[in-house]
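Chains, contacts and geometry: an overview
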Amino acid sequence: MSIPRILATTARVLNQVRHDHRTLALLLLVPALLVGLVAWIFTDTPVFGRIGPAMIALFPFIVMFMVTSIATLRERRSGTLERLLSLPLGKADFILGYALAFGLLAIVQTGIAVGFAVWVCGLEVAGSLGLLFAVAIADALLGTSLGLLASAFARSEFQVVQFMPAFVFPQVLLGGIFLPRGELPEVLEGIGDWLPLSHAIDALNAVARDDQDAGYIWLRIGFVAAWILAAIVVGSMTLRRRTA
């Protein structure tokens, strides 16, 4: 693993995204616009105040998962990965370079989405806006890392979409968005408690309501960070040099 090679990979990915205006718009604008759509749907009701923090977790997570997994997969299908790995570039350099590139994009995306939700859509945040931002960044990075992991197993863009029911949908259904996890059947509640998106949603709700201390928030950020690290490590170990 080499820091210069990681940074070179990061710069290459960012340069590619910069020239792909549709992907850039999808990454940076769509999550904020979807949050705005939800706020518009529930205008003059208290619903957005209750589900707004969860939407900040949900939309960036899904978008980062899809874009990262498809972009990484295209590197393999185009032969770019094989050419890169024929050079002094290890799998860890490749994965970490991609993680850093999309992580930086996730930070910008999160700033836009959180700012739009709070200052345009009127989402009330009783707690620290900085903590809200930190949790939202961790959540977007979670989508990036799981996207990298999914790309290591997929052989086509269609298979990436097929992975969404396994990587994304269970977390959405069991994360407490539609029904508090405490009201779920005991088995489903237990599963939801181990899924990282659940902890991101819990932390965002806690910050918005200011009903928990900072330790509670950082513990959940740490849980999400452990998932991010594990996904990157496993993705690096399982990344194939060529697509069959």
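None of the values given here were measured: they were computed from a predicted structure.

Some thoughts on the overall build of the chain
Looking only at helices and strands, one finds twelve helices and zero strands in the chain. Listed by position from the N terminus, the elements making up the chain come as α-α-α-α-α-α-α-α-α-α-α-α. A compact globule built from 244 residues would reach a C-alpha radius of gyration of about 18 Å, and the chain, at 18 Å, matches this within 12%. Seen along its three principal axes, the alpha-carbon backbone of the chain occupies a region of about 55 × 40 × 35 Å. Buried positions account for 50% of the 244 residues belonging to the chain. The contacts of the chain with a sequence gap of at least 6 include a subset with a gap of at least 24, amounting to 80%. Of the accessible surface of the chain, which amounts to about 11500 Å², a share of 68% is contributed by carbon and sulfur atoms.

Points about the layout of surface pockets
A volume near 390 Å³ is recorded for the largest pocket. Together, 15 residues line the largest pocket, and Asp20, Thr23, Val67, Ala71 and Arg74 are the ones closest to its centre. Elements that contribute at least two residues to the lining of the largest pocket include exactly α1 (3–19), α2 (21–28), α4 (47–77) and α6 (91–120). It is α4 that provides the largest number of residues to the lining of the largest pocket, a total of six residues. In this structure, the second largest pocket spans a volume of roughly 170 Å³. Lining the second largest pocket are Gly175, Gly176, Pro180, Arg181, Ile201, Asp202, Asn205, Ala206, Arg209, Asp211, Gln212 and Tyr216. The element best represented in the lining of the second largest pocket is helix α11 (residues 196–209), accounting for five residues. Along the lines of polarity and charge, the residues of the lining of the second largest pocket split into four nonpolar, four polar and four charged.

As for the side chain of Asp139
The topology assignment puts Asp139 in helix α7 (residues 129–153). In this structure, Asp139 is buried with no salt-bridge partner, the nearest side chain bearing the opposite charge being Arg181 at 12 Å. Ignoring any residue separated from it by four or fewer positions in sequence, one finds Asp139 in contact with Ile56, Ala57, Leu58, Phe61, Leu197 and Ala200.

Comments concerning a nonpolar patch on the surface
On the surface, Ile3, Leu7, Leu100, Leu104 and Ile107 cluster together into a nonpolar patch covering about 430 Å² of accessible area. Looking at the nonpolar patch, the elements that each hand over two or more residues are α1 and α6. Counting residues per element, the nonpolar patch draws most heavily on α6, which supplies three residues. Structurally, the position occupied by Leu7 is in helix α1. What makes Leu7 partly exposed here is its relative accessible area of 46%.

Quick look at unusual backbone geometry
Positive phi, close to 65°, is recorded for Asp44, a residue that is not glycine. Note on placement: Asp44 falls in the loop between α3 (30–41) and α4. On the basis of relative accessible area, Asp44 is assigned to the exposed category, the value being 80%. With phi around 55°, Asp210 is a residue other than glycine that occupies positive phi space. By the secondary structure assignment, Asp210 is in the loop between α11 and α12 (214–238). By relative accessible area, Asp210 is classed as partly exposed at 47%.

Side note on the side chain of Ser145
Structurally, Ser145 is set in helix α7. In this structure Ser145 comes out as buried when scored by relative accessible area, which is 1%. When residues no more than four places from it in sequence are discounted, the contact partners of Ser145 are Ile228, Ala231 and Ile232.

About the cut-offs
Residues numbered from 1 in each chain as written. Predicted model: local features only at pLDDT ≥ 70, side-chain atom pairs only at ≥ 80, totals over all residues. Heavy atoms only, no water. Helix = DSSP H or I, 4+ residues; strand = E, 2+ residues; numbered from the N terminus. Rg over C-alpha atoms; globule rule 2.2 N^0.38 Å. Buried < 20%, exposed > 50% of the residue type's maximum accessible area, 1.4 Å probe, protein only. Contact = heavy atoms within 4.5 Å. Areas by Shrake-Rupley, 256 points an atom, 1.4 Å probe, with all protein chains shown as cover. 1 Å grid on protein atoms, 1.4 Å probe; cavity = no way out; pocket = protein on both sides within 12 Å on 5 of 7 lines; lining within 4 Å. Points joined across faces, edges and corners; volume = space filled by probe spheres on them. Nonpolar A, V, L, I, M, F, W, Y, C, P; charged D, E, K, R; others polar. Lys, Arg positive; Asp, Glu negative; His and termini not counted. Salt bridge = Lys/Arg side-chain N within 4 Å of Asp/Glu carboxyl O. Patch = residues over 30% accessible without salt bridge, like charges linked within 9 Å, V, L, I, M, F, W, Y side chains within 5 Å.

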